[in-house]
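Secondary and tertiary structure notes
So the chains spell out like this:
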Amino acid sequence: MNKITVLLDRDGVINKDVGHIDSIKKIEFLKGVFQAFKFLKKKNIKVIVVTNQSVVGRGIISSAKLKSINSYINNCLKKKGGEIDKFYYCPFHPEHGKGYYKKNSFDRKPNPGMILKAKKKYKLNSKNCFMIGDNLTDQLAAKKAKIMFYFKKKQSLLVQIKNILIRYEK
């Protein structure tokens, strides 16, 4: 199998989307997440998260607090044998951002900026990476970045990833 990379949205794919997450107390992992990350680590498949996080731009939490929430998620995954290799997040929002954060950033999905940064940094080949997300904005960003996209299904993340990877193992 060629070197595969999986890109994931965070809220709604890794953890339950409960609105603006401003505390680790609001993190509730979805079904099959720990098993999926352990499986990907065993297969030596890189995992990159690309997530809109206007909670920073709205002034709900600081970027340091967001990084601590992301670290908490990653530490939970590491304890179970998995890991996120890199987090990309966009703090900007064109309407609800405050001050500097009130703008339409090329990184904010549906724009492809975060995915393109990951493709460049990790020299990703469009044929060997795919994204799973739960919103139309995720799908549009992936399409603009020319990578395959799959909507998060109700089934376990592990089952969904295994079913997708079958297509790449040829």
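Above: the structure in question.
Reading guide: rules and limits
Residues numbered from 1 in each chain as written. Predicted model: local features only at pLDDT ≥ 70, side-chain atom pairs only at ≥ 80, totals over all residues. Heavy atoms only, no water. Helix = DSSP H or I, 4+ residues; strand = E, 2+ residues; numbered from the N terminus. Rg over C-alpha atoms; globule rule 2.2 N^0.38 Å. Buried < 20%, exposed > 50% of the residue type's maximum accessible area, 1.4 Å probe, protein only. Contact = heavy atoms within 4.5 Å. Areas by Shrake-Rupley, 256 points an atom, 1.4 Å probe, with all protein chains shown as cover. Lys, Arg positive; Asp, Glu negative; His and termini not counted. Charge placed at Lys NZ, Arg CZ, Asp CG, Glu CD. Salt bridge = Lys/Arg side-chain N within 4 Å of Asp/Glu carboxyl O. Phe/Tyr/Trp six-rings, centres within 6.5 Å; stacked < 30°, edge-to-face > 60°. Lys NZ or Arg CZ within 6 Å of the ring centre and 35° of its normal. Core = buried A, V, L, I, M, F, W, Y, C linked by side-chain atoms within 4.5 Å.

A word on the overall build of the protein
- When helices and strands are tallied, the protein shows six helices and five strands.
- Written out in order from the N terminus, the α and β elements of the protein read β-α-β-α-α-β-α-β-α-β-α.
- Its C-alpha atoms give the protein a radius of gyration of 15 Å, within 12% of the compact-globule value 15 Å for 170 residues.
- Referenced to the eigenvectors of the C-alpha coordinate spread, the extents of the protein come out at roughly 50 × 35 × 25 Å.
- Out of the 170 residues in the protein, the part that is buried amounts to 50%.
- The long-range share in the protein, meaning contacts at least 24 apart out of those at least 6 apart in sequence, stands at 67%.
- As displayed, the protein has an accessible area near 8900 Å², and 51% of this comes from carbon and sulfur atoms.
- Across the protein, 38 positive and 12 negative side-chain charges occur, with their mean positions spaced 5 Å apart.

Let's talk about the pattern of salt bridges
- Scanning all chains against the criterion turns up seven salt bridges.
- Among the salt bridges present, the one from Asp11 reaches Arg10, with a minimum N-O distance of 2.8 Å.
- We classify Asp11 as buried; its relative accessible area is 11%.
- Note on Arg10: relative accessible area 1%, which makes it buried.

Some details on the packing of aromatic side chains
- Scanning the model with the defined rule gives seven aromatic pairs in all.
- With 4.9 Å between their ring centres and 90° between their planes, Phe149 and Phe151 make a pair best called edge-to-face.
- Three or more aromatic residues link up through ring pairs in this structure, and these residues are Phe92, Tyr100 and Tyr101.
- Geometry around Phe34 places Lys80 over its ring, the cationic atom sitting 5.5 Å from the centre.

Here we look at the nonpolar core
- Judged by nonpolar contacts, the single largest core of 35 residues is most densely connected at Ile14, Phe37, Phe130 and Ile132.
- Sorting the residues of this core by element identifies strand E1 (5–8), helix H1 (33–42), strand E2 (46–52), helix H2 (54–57), helix H3 (63–79), strand E4 (129–133) and helix H6 (157–165) as the ones contributing at least two each.
- Beyond its immediate stretch of four places on either side in the chain, Phe37 contacts Leu8, Ile14, Val47, Leu77, Gly81, Gly82, Glu83, Ile84 and Leu157.

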